[in-house]
Amino acid sequence: MPTEGAEMSRSDAQPERVFPGKNAPWFIAVMALAAGGISAWCVTRFLSASALTSWPPSWLVLLPIPLVVAMAVVPIRSNRVELYADRLVVVYAGTHSTIPYFHVRSVRRTRSLWAGTANSLDRIRIEAPFDGDALVSVRDNDALMAELERRCALQAGDKGGS
């Protein structure tokens, strides 16, 4: 049987359960408007510049467009919570935050406006003082809460995990 540290260091382990992230329509609209607005500004600047007489060349103003579009799409596409035997991993916009179950002190619903890795206001706050609290929003928040309460040995509304 591998030790706790050895199990957590295995990068080839497959998650036992994956909860896809929830993307509220308002979040998708904000990201699309921001990316579209910045892209439109870049195209407008390109079309209004004289390609032959300007330095730097006017086409350089088009370079940010793929980056802006990626910055809008990645938080929507890369948004999930993975559950492993000994830990949960919050995957958001290309980042991974790992929280061992024994560090989790509480799991509760929240609709706070604090920014976090939740693309919806229907969120779950995972209190883990050693690893940093996490705000997540998945398509089935109730199932995630029940699963975390079971895996973290919490009772519903309990603040003192094991």
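Remember, predicted model here, so these are calculated numbers, not experimental data. (Residues numbered from 1 in each chain as written. Predicted model: local features only at pLDDT ≥ 70, side-chain atom pairs only at ≥ 80, totals over all residues. Heavy atoms only, no water.)

Student: Could you give me a rundown of the sheet that holds strand β2 (residues 79-83), with the residues and numbers involved?
Tutor: The strand order across the open sheet formed by 4 strands is β1-β2-β3-β4, and the pairing between neighbours is antiparallel. The sheet is open, and its two borders are formed by β1 (17-20) and β4 (95-100), each paired with just one other strand. For this sheet, the mean angle separating the axes of adjacent strands, direction not counted, is 15 degrees. (Pairing = 2+ DSSP bridges. Helix = DSSP H or I, 4+ residues; strand = E, 2+ residues; numbered from the N terminus. Axes fitted to C-alpha atoms, helices over the stretch in contact; angles between N-to-C directions.)

Student: An account of the sheet that holds strand β6 (residues 123-127) is requested, with residue identities and associated values reported.
Tutor: One open sheet holds the 3 strands; their spatial order is β5-β6-β7, and the pairing between them is antiparallel. Each edge of the sheet is formed by a strand with only one pairing partner; in this case those strands are β5 (106-110) and β7 (134-136). Along the sheet, successive strands turn relative to each other by an average axial angle of 25 degrees, direction set aside. For β5 and β6, the ladder comprises 5 bridges, and the chain directions are antiparallel. Across the sheet, T110 pairs through a bridge with R123, a residue of β6. Strand contacts of helix α4 (residues 141-151): β5, β6 and β7, with the helix running at about 165 degrees to β5, the strand carrying the most contacts. (Contact = heavy atoms within 4.5 Å.)

Student: Break down the nonpolar core for me, citing the residues and quoting the values.
Tutor: Ranked by internal contacts, the top residues of the largest apolar core, which has 21 residues, are L88 and L144. Contributing elements (two or more residues each) for this core: β2, β3 (87-92), β6, β7 and α4. The greatest single-element share of this core, amounting to 4 residues, is contributed by α4. Setting aside chain neighbours within four positions, we find L144 in contact with F19, V81, L83, I124, V136 and V138. Residues M31, A35, A72 and Y92 belong to the second largest nonpolar core, which totals 6 residues. (Core = buried A, V, L, I, M, F, W, Y, C linked by side-chain atoms within 4.5 Å. Buried < 20%, exposed > 50% of the residue type's maximum accessible area, 1.4 Å probe, protein only.)

Just geometry here; none of it tells us what the structure is for.
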